[in-house]
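A look at the structure
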Amino acid sequence: EPEVTQTPSHQVTQMGQEVILRCVPISNHLYFYWYRQILGQKVEFLVSFYNNEISEKSEIFDDQFSVERPDGSNFTLKIRSTKLEDSAMYFCASSGQGDSSGNTIYFGEGSWLTVV
Amino acid sequence: GNSVTQMEGPVTLSEEAFLTINCTYTATGYPSLFWYVQYPGEGLQLLLKATKADDKGSNKGFEATYRKETTSFHLEKGSVQVSDSAVYFCALSMEYGNKLVFGAGTILRVKS
């Protein structure tokens, strides 16, 4: 079964450093998302991306964050100048359009970011 | 705005007990409803979904029925196993390409 894959699975970074989290969405999907989950808390929406542009973003997704689809398969989340409170599990997700999956969103295994 | 409310956990049950995790939603319009499960140390997996009123989603012995009149999508399982121990998230989505809105999650612990 097709799946969303994310790298790295775990990254430790110094406060103030830049981090890039990578994702390969399911190949025929058109919508891409990033969510995050701070330890023990709810899953929070960050941003959605369609047709090579951001379609929606949350208040969390400020100027520190950016997303990019640099080629036909990868979808990246960049966090500039990381802060301690950015420590969280970051989930990439994707969904199709009008296919048998309907509007089901499929998630990757997550990238655990620890800022020290 | 749209929102999802789940019963607070943790829920602790003995093996073979009956499970209900309550979920209600608030939405402008008619959302699709989902249950996702997160096993310890893993990502989010779709458990089941329902896209319109009175639809019943089912998977791995779990069921949930989309009740428009009560704006609910309660998760049930007749006989839980230790391996069902996980965090369960109820979520909604309004249409293709729209984000998921998650509930806070309910921790389920099943004792042998």
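Residues numbered from 1 in each chain as written. Chains lettered and ligands numbered in written order. Predicted model: local features only at pLDDT ≥ 70, side-chain atom pairs only at ≥ 80, totals over all residues. Heavy atoms only, no water.

**Some points on the layout of surface pockets**
Of the voids in this model, the largest pocket is the one considered here, and its volume is about 490 Å³. Lining the largest pocket are 25 residues, with Gln37 and Gly40 of chain A together with Gln38, Val87 and Ile107 of chain B positioned closest to its centre. For the lining of the largest pocket, the residue count by class is 13 nonpolar, 10 polar and 2 charged. At the level of secondary structure, the elements contributing two or more residues to the lining of the second largest pocket comprise strand E10 (106-107) of chain A together with strand E6 (44-50) of chain B. (1 Å grid on protein atoms, 1.4 Å probe; cavity = no way out; pocket = protein on both sides within 12 Å on 5 of 7 lines; lining within 4 Å. Points joined across faces, edges and corners; volume = space filled by probe spheres on them. Nonpolar A, V, L, I, M, F, W, Y, C, P; charged D, E, K, R; others polar. Helix = DSSP H or I, 4+ residues; strand = E, 2+ residues; numbered from the N terminus.)

**Here's the deal with the pairing of strand E4 (residues 23-26) of chain B**
Residues and elements named next belong to chain B. Of the two faces of E4, only one is covered, namely that formed by Cys23 and Tyr25; the face formed by Thr24 and Thr26 stays uncovered. With 4 bridges joining them, strand E1 (residues 3-6) and E4 adopt antiparallel strand pairing. Bridge pairing links Thr5 to Thr24 in E4. (Buried < 20%, exposed > 50% of the residue type's maximum accessible area, 1.4 Å probe, protein only. Pairing = 2+ DSSP bridges.)

**Thoughts on the pattern of salt bridges**
By the definition in use, this model includes 5 salt bridges over all chains. A salt bridge links Arg36 of chain A to Glu44 of chain A; its shortest N-O distance comes to 3.1 Å. Given the relative accessible area of 10%, Arg36 of chain A is considered buried. Here Glu44 of chain A falls in the partly exposed class, since its relative accessible area comes to 23%. A salt bridge links Lys99 of chain B to Glu56 of chain A, with the nearest nitrogen and oxygen atoms 3.0 Å apart. Of this pair, Lys99 of chain B sits in the loop between strand E10 (86-93) and strand E11 (101-102) while Glu56 of chain A sits in strand E6 (residues 53-57), each in a different chain. The exposure class assigned to Glu56 of chain A is partly exposed, which follows from its relative accessible area of 29%. (Salt bridge = Lys/Arg side-chain N within 4 Å of Asp/Glu carboxyl O.)

**Examining the environment of Lys42 of chain A**
Counting through the fold element by element, Lys42 of chain A comes out in the loop between strand E4 (31-37) and strand E5 (43-50). Other than its neighbours up to four places away in sequence, Lys42 of chain A contacts Arg36 and Gln37 of chain A together with Phe102, Gly103 and Ala104 of chain B. Here the side chain of Lys42 of chain A touches Phe102 of chain B through a polar contact of 3.3 Å, landing on its backbone oxygen. (Contact = heavy atoms within 4.5 Å. Polar contact = N/O pair within 3.5 Å; in protein donor to acceptor, adjacent residues only side chain to side chain.)

**As for a negative patch on the surface**
Negative charge collects at one region of the surface, where Glu1, Glu3 and Glu109 of chain A together with Glu42 of chain B lie side by side. Relative to the assigned elements, Glu1 of chain A resides in the segment before strand E1 (5-7). What makes Glu1 of chain A exposed here is its relative accessible area of 87%. (Patch = residues over 30% accessible without salt bridge, like charges linked within 9 Å, V, L, I, M, F, W, Y side chains within 5 Å. Areas by Shrake-Rupley, 256 points an atom, 1.4 Å probe, with all protein chains shown as cover. Lys, Arg positive; Asp, Glu negative; His and termini not counted. Charge placed at Lys NZ, Arg CZ, Asp CG, Glu CD.)

**A look at the side chain of Ser72 of chain B**
All names here are of chain B. Its location among the elements puts Ser72 in the loop between strand E8 (62-65) and strand E9 (75-77). Only 2.7 Å separates the side chain of Ser72 from the side chain of Thr70, close enough to count as a polar contact. Once residues lying within four places of it in the same chain are set aside, the contact partners of Ser72 are Cys23, Thr24, Tyr25, Leu33, Thr65, Tyr66 and Arg67.

**Here we look at the sheet that holds strand E8 (residues 75-79) of chain A**
Residue and element names in this part refer to chain A. The 4 strands are arranged E1-E3-E8-E7 in an open sheet whose pairing can be described as antiparallel. A single partner strand is all that each edge strand has here, and the edge strands are E1 and strand E7 (65-68). The sheet shows a mean angle of 20° between the axes of neighbouring strands, direction not considered. Bridging between E1 and strand E3 (residues 19-24) involves 3 bridges; their strand directions are antiparallel. If you follow Thr5 over to E3, its bridge partner there is Val24. (Axes fitted to C-alpha atoms, helices over the stretch in contact; angles between N-to-C directions.)

**Focus: the packing of aromatic side chains**
All names here are of chain A. Evaluated as defined, the whole model comprises 17 aromatic pairs over all chains. Pairing Phe49 with Phe75 gives two aromatic rings, centres 5.3 Å apart and planes at 45°, and the pair type is tilted. Residue Phe49 is found in strand E5, and its partner Phe75 is found in strand E8; the two are separated by 26 residues along the sequence. Judged by relative accessible area, Phe75 falls into the buried class, the value being 0%. (Phe/Tyr/Trp six-rings, centres within 6.5 Å; stacked < 30°, edge-to-face > 60°.)

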